[in-house]
Each structure stands twice: as C-alpha cells, then as structure tokens.
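Residue-level structural notes
Chain by chain, the residues:
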Amino acid sequence: MTGLVEVYQQQMKTSFAAMLQYRAALVIWLISQVLDPVIYLVVWSTVTAASGGEVGGYTRGDFAAYFLVLMLVNNITYSWIMHEYEYRVREGTLSAALLRPVHPIHADIADNLSSKMISTPMMLALAVGLGFVFRPTIHLVPWALAAFLPAVALAFVLRFLIEWTLALAAFWTTRVSALNQTYYVALLFLSGQVAPLSLFPGFVQAIGTALPFRWMISFPVELLLGNLTPAQTLIGFAAQVAWIAIGLVLVRLTWRTGVRQYSAVGA
Amino acid sequence: MRTGGVYNPPAMTNPAVHVHELTKVYKVTEREAGMAAALRSLVHRKTEDVRAVDGISFDLAPGEVVGFLGPNGAGKTTTLKMLSGLLHPTAGSLSVLGFTPARRERDFLRQITLVMGQRNQLVWDIPAIDTFELSRAVYRLPAADYQHTLHELTELLDLGPLLKKPVRNLSLGERMKCEIAAALLHRPKVVFLDEPTIGLDVTMQRRIRAFFADYNKRFGATILLTSHYMNDVEALCRRVIVIHEGKLLFDGDLAALLQRFSSHKTIVVQLETCPDRLEGYGEVVSCEDGLITLRVPKAETSRTTARLLADLPVIDLTVEDPPIEEVIERVFAQEAE
Amino acid sequence: MSALRLVWTFFRIGVMGEAAYRVNFVIQLFQSLLGLLTALGGLAVVFAYTDTLGGWRPDEVVALVGVYILVGGVIGVVIQPSMEALIEGVHDGSLDFTLTMPEEAQLLVSIQDVDIWQVLNILLGFGVLGVALSRLGEQVDVLQAAVFGLMILAGGAIVYAFWLILATLSFWFVRVENILVIFQSVYEAGRWPVSLYPGWLRFGLTFLVPVAFAVTVPAEALTGRLTWQTGLGAVALATALLVVSRVFWKVGLRNYSGASA
C-alpha cells in the first residue's frame, strides 16, 4: 500500500512540474471548458426571455445556476485519457507502461488529479466570476450541499473508469477517434450538457438514466441545485456505485485482454 | 588566440564561402530541479549567455570538399545554419557565393542546399518521385534539366526501384538516399551536409560518402560536411576544420591532422584476468577485470593484433579509432605547447 | 502565375498523400455526420420550446449551421493542416527545409498540408444550406450569392490571418498546439447566431476569435440580414488582418533566425 502511495506522490510531482512549465496550455484548456456551458447558457437564456421567463420549470437564473455548476462538475470529472492512449499506442510509449509492476491506471489517476489541483480552483474562480455576469439563482439546501461532495467524487471515479476502459480501445484499433467522438456526442446530450435532462423527451432521459451518462455529470448538478428529493438522491448514489462496480470489472477485463492483444500483435 | 595549424592559402580571389570572425551567442534559461525552483520560475526566469560559435574564420574555394569536425555541441550545426541563412549571426561577416545568407535572397537559395541527417523533407505517404515534383515546382526547374539531373542522380545513388515506393516503406538508408536526391535536384553550387550519415549502417555510410565524392567530381559543387565521425571526414575531405566549443582549433590538411593527432589506434582486449606483465604490445592505458586497453601506433595495429591473438588466451578483441574528443584534446594540448 | 502553380502542386501532393488512406474518407464522413447530428440535435431541443431564437427562425438557424459546416470545411481543408504543420515544423526543425527554398516562406507554410477529406464538410455544408434555403422558400439571386461569396472569402481571410498569428506565436512559446483547441472550441460558438451572446462575448467572438465574421456574417448575407456596414467592415477587417498577420509572421521569422531586434 505504501508503494502505491509513493507512486501517486511521484507521479503527481512530475505532472505538477510539467504543468507549471506549460502555463499557456492550462489557460487555453480552461477557456475551452468554460465556453461550451456559457454558449448553451446564453442560448437557453434567450429562449427563456422569448417564452415568458420560464422554460420547463427553469427561469433564466435557474439556467445560469445549472450551467455554471455543470461547468464545475464537468471540470472535476474530466479526463483526457482517451486521447492519451491513442497517442501512447501510436508512439509506442505504452510498452514502457506495460513493463512497470504497478497497474498503469494509478499513474493516470495521479496525473489527472494533479492537474485538477490547479485547474479546479481556477475553474471555481471563473464560475464565481461568471456568476456576477449571469446572476444564477441559488437556493442551497444544507443536506444537498453535503451530499454533493461524495456525489461529485463518485461521478469522477465513474467517469474515469468508463473513459479509461474506452481508452483501451486503442489496443484493438488505430481508429479510436471515431469511437471517442461517438462517446463525446452521447455524453454531450445524455449527461445534460446541452440542456438539463428534464427538458429532453422522455425516451432520451430514460436512456441517459439507464446508461452511466447521467450519473457522471448530471446527477451531482441536479443534486446541488436542489432538484432532487432525498429518496432520489439515494437512488442516484446507488446507481453511481453500481456503475462503478461495473466499471471496475470492465477495467480489469479490458486491460487483461487488451494487453494480450497488444503483446500478440507486437508491442 | 589559438591559431596554430591554421591553413592560410594564398589570398583566395573568389571564395565560394567566406567567413570572418563569425560569432553566435544564445540566451538560455536556467532552471534548477525541485518544486520550489519550479514555482519560482513561474515569476522569474534566469538566463545565461552561451557562445555557440565564437569568432571563427575560414574561406572555401569553389569545388572544395571540406569537413567540419567536432564533438556534439561544438557549434558545427550552428555555423551551417548561419551559412544557409537560417540563423542570423551575432557578430562577424560571412558570404556564400557573394550573397549574405541571412538576407535569404531567391537567387542565393536557388544555388544552395542543406541536407540534415535524420530529418525528412520528403512527404511521408507518397513515393519520393512525387515529392521531387515539389522541388521542381519550387526551384522552377525546366523539364529537360529536371529529367537530366534526375537521371544522373538515379544512376549515382542507385535509386531506380526506390522512387515509386511510398517513402514510409523505405528503409532508413534508402530514405536518406532519396532525401539527398531531393536536395540535389536543382544542382546547387554549394552543398551543406549536416551529419548526413548519422544513424546509418556502415555499408550505407560508405556508399553515401562515395556518392558525394562522385558528385563533387562530376558537378564541381562546393561541399561542406559536418560530422562527429572521423570516418566521414577521412573518406571525403582533403581539408578539415576542427571546431570545439565554438572556436576554430585546426584548419588544414586532413592527412596532417591525422598524422599529428590521430596516429594511434586503440585495441581493447578481453582476457580472463589481467596478466602480471604485458609488455611489447604497446602502451597499456588500463587493465581492469581482464579488459585491457592498449594504445598502439596505427602502423603497428595489424601486427600487434595478430601477436595478441597468437600469444594470449583472448576472449574478445576490438580495434577502435580514437574518439574525436581525444583528437581534439591532442590538438588543444598541441597548441598549449 | 507561378504562385498559383505552386499552390496547385501542393494541392496535388496533398491529395496524393491523403488518397493513400481511403479509410479516412469514411472516418471524415462519420465525423461530419456526427457533427451535423450534434448541431441539429441541439436545435431540436431548443426549438421545442420556442419559435424564434434572437429573431432567427428555425430554418434560418439551420442555414447558419450549413454555413458553419461549410466554413469549417474550408478552414479544415488547408488552413488548419498547414498551420498545424507549421507549428510542428518550428518544433522539430523541419521549418528549416522550407526556409532554404527560394520561394516566399509564408506562401509555402500556408499551403504545405492539405486534408482533402474536409471537402466533405464543404459539400455537406452546401447541402444543409440548400435544404434550409429551400425550406425557407427564399430565392437567392445572383447579387446575394455574390455577396455571400465575398463574405465567405472575407471570413476565410480573417480566419487565415488569425491562425497565422496563432501559429507564429510558436516561435516564442512551446506548447502552442493547444491554441488550436481554443479555436475549435470557440468556433463551436458559431453554431448559433452571434447576436445571441451578451455584448462582451459578442465582442470577443468578433474581434478576438473571428467566429462572427467566419460564420454569422455570411449567413446573414443569405438570410437578408446583412447590413452594408457589416459587409464593408468584414472586407476592411480582412484586409487589415492580412497585413497585420504578414508583419507578425516576418517578425516571428526574424526571431526564429536570431536576428537582432
């Protein structure tokens, strides 16, 4: 166990140092993460203004709150691991990871977390700043706020596991970009990034709920905004845990078969 | 200033390349390791001056093949870049074919070429012949001239079967031959070669050296070749310029350089253990765990090797050239005398 | 003119290079359709709750999406790949080869790489545009088409200048490839009429990252919204930016070759 802790420490130190070297990249990445929610926020505000101040139960202030929280949750749960693996397989650097006695997922988690240590506070600051521009309506319920933190943590774990599994597709094909993009489009709609899920027709909501997408991003957002009852929240947690369990199985499975496949073809 | 052994030809009336007190200074950022230093560097960056090229001077006559020898980081590539117009000098003057390279005039660029080892200008996915079309368009080569030169180069480099294959399917050596051809399609008067044989196997290295010797004979181009391999320079150049830490150490006859500073070879012999006595084979540089390093005059090499093999229970034996660094050291030491 | 001949040669080489990978055609088709799906999906949700968006009717926004895809294709065919290649060339030194060629370096780096499959986007964009315009029942007369063409050209020139300026930054800054991500994400904003955005964002999308001129302005030309001031402004800005980007490029080149300032 201590060995693992050290792996995390070392990886985070390296990632941290690397990141400080490339400050411009950080700023640029943040901008792209802010823009999407802001765009949809503006669009929905326009729709609200033209529809008598309210759409599907959301006022302009509600939309502002929704998208700003979404922006934050998206940042916390974000990973670039799918691009990373495509790159690694292409460049042949994956072989090095295969030779290490530690499961490579740990290095990837550490790398992800260390970048968040810098980007998330900045994102928080941006969210607050944008809050002054877009005036979200905030009604925080204490228990919801308390439940928000574990919900986001679980969402991060879930999203990371799923995306890590999908990243391994790079073992089987070099055409992962098609897979990645399909995933991102599905994620876009089904995790509530285009609009709150409740605004979508029933069947879309059902798909998003049955698949892990809602639990990766939308659920913590709905929770913090006070749109869920305690009962619904508990069900949500259960869904997250269930999907994480599935995710863990998938990770093990794909890694094992992937490595076999990779070594067979010629690492 | 160390100017011993500098070649002073009778004043060259029209040198192809003229370099005088050429200097290039870089600013490099300093960074120490550790988290604290990383955070500090967010706010303040320390720089220091590096003299990559430090006041070198030489002239090349048209049609000369000259070797630019020196260890890595000596300033060879930097000098070459200044000569081809890629880099502005910090101080000093230079002219190539009467042009100031840094001005990058069209007429200047049409008459030079730069070949860099292990760097590709060929388009990866298509046959080399198609990239040649690009050269043809860029250098505005009339069809007849282009075909003629292509034919000659194909012959000299043995390119026949290679031209129609996509470049990514070629081996490293085959690719290098095509790169060289691409660089010479416009029959440049001055050819700059930057480590052209690096990474290639011995046979290919020899073939490429032979090609350039032929090319120089046939087209009379001035060739400046940089390398840290003694063999490259030995095979091609009569005159060699030695560069070290940006300064010109030696400019003169290669034969003279070899005779003065590279008159020995190193023989490395592996035995079971170090023998108590080891005389008469040459200067013993070291002996550790049975690995003996001997310094032997060049003329004696084969005789000594034969004797070693006959007399001793040799497990392994290699004969090596003194590394260029050793040659440089001796040039340095010579100047100090 | 020999510059045109050079462009044609690079284009041919680019096509040859890409044609070697026919599977990329399928990939690009897939991506383009996915992009269209995303855009239309978003529109579908939005217009389920309203009839107009900032004064734009649904089919007018679809026309905007068509222009968005079309211009995306124009950028993706040569501007983006060449500028990406430029940034890479600065890093790995292959720019040196280009600089020893006796041709205008800016021209060479701007046409050096062609992604021929992006033509699919151009075609798809025209298709979507055509469908939207026919649904609107609007006839596009010759004058409107000409103005549209001019606005596309102006928008294209503005985007090119913008990319050149960004790519030139790689002479000073190392990790500039991420700047390309900026453009991709900011370009997303072009799927919606720029008039929707609050003033400060509209300013940013017009003058900082020229999405408005690339997408909304040409779309305005086709939906009868273009004022002559905007049209003139687009042409003026295009000219100015082409000049500025060239100057900046020359400055960057001087820095790259270590010329004293």
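Here's a quick rundown of the structure. (Residues numbered from 1 in each chain as written. Chains lettered and ligands numbered in written order. Predicted model: local features only at pLDDT ≥ 70, side-chain atom pairs only at ≥ 80, totals over all residues.)

Bringing the overall build of chain C into the picture now. Summing up its helical and strand segments, chain C has 11 helices and 0 strands in all. Listed by position from the N terminus, the elements making up chain C come as α-α-α-α-α-α-α-α-α-α-α. Taken over C-alpha atoms, the radius of gyration comes to 19 Å for chain C, in line with the 18 Å a tight globule of 261 residues would show. Counting only C-alpha atoms and orienting by the principal axes, one finds that chain C spans roughly 60 × 40 × 35 Å. Looking at chain C as a whole, 44% of its 261 residues are labelled buried. Across chain C, every contact between residues at least 6 apart in sequence was considered, and the portion connecting residues at least 24 apart equals 81%. (Helix = DSSP H or I, 4+ residues; strand = E, 2+ residues; numbered from the N terminus. Rg over C-alpha atoms; globule rule 2.2 N^0.38 Å. Buried ≥ 20, exposed ≤ 12 C-beta atoms within 10 Å, placed from the backbone. Contact = placed C-beta atoms within 7 Å.)

So, on to helix α2 (residues 76-83) of chain B. A large share of α2(B) lies buried, amounting to 8 of its 8 residues. Among all positions in α2(B), only B:K76, B:T77, B:T78, B:T79, B:L80, B:K81, B:M82 and B:L83 are buried.

Attention now moves to the sheet that holds strand β10 (residues 264-270) of chain B. Residue and element names in this part refer to chain B. An order of β11-β12-β10-β13 is seen for the 4 strands of this open sheet, with the pairing classed as antiparallel. Of all the strands in the sheet, the pair left with one neighbour each is β11 (283-288) and β13 (316-320). Strand-to-strand twist in this sheet, taken as the mean axis angle between neighbours without regard to direction, amounts to 15°. Both β10 and strand β12 (residues 291-297) contribute to a ladder of 7 bridges, which runs antiparallel. Its bridge partner lying in β12, K265 is registered against V296. (Pairing = 2+ DSSP bridges. Axes fitted to C-alpha atoms, helices over the stretch in contact; angles between N-to-C directions.)

All names here are of chain B. In spatial order, the strands read β5-β6-β7-β3-β8-β9; together these 6 strands make up an open sheet with mixed pairing. In this open sheet, the two edge strands, each paired with only one partner strand, are β5 (112-116) and β9 (247-253). When the angles between neighbouring strand axes are averaged without regard to direction, this sheet yields 15°. When β5 meets strand β6 (residues 190-194), the two strands line up parallel, connected through 5 bridges.

Turning to the pairing of strand β8 (residues 239-244) of chain B, a few remarks are in order. Residues and elements named next belong to chain B. Buried residues dominate β8, accounting for 6 of its 6 residues. Residues of β8 alternate between two faces, with R239, I241 and I243 on one and V240, V242 and H244 on the opposite face, all of them buried. Sheet topology places strand β3 (residues 65-69) next to β8; 4 bridges connect them, and they run parallel. Paired with F68 across the two strands is I241, which belongs to β8. As paired elements, β8 and β9 share 6 bridges and run antiparallel to each other. What sits directly across from H244, in β9, is K247. Taking the residues between adjacent antiparallel strands as the criterion, β8 and β9 are bridged by 2 residues, where E245 takes a positive phi near 50°.

Facing 20 residues of chain C, the contacting portion of chain B comprises 24 residues. Put simply, the parts of the chain that give the side of chain C that touches chain B at least two residues each are α1 (2-19) and α4 (95-99) of chain C. In terms of residues, the side of chain C that touches chain B owes the most to one element, α1(C), which gives 7 residues. Across the side of chain C that touches chain B, the residue classes tally to 9 nonpolar, 8 polar and 3 charged. (Nonpolar A, V, L, I, M, F, W, Y, C, P; charged D, E, K, R; others polar.)

What follows covers the interface of chain A and chain C. Residue-level contacts link 30 residues of chain A with 30 residues of chain C. The set of elements that each furnish at least two residues to the side of chain A that touches chain C consists of α2 (23-50) and α8 (176-190) of chain A.

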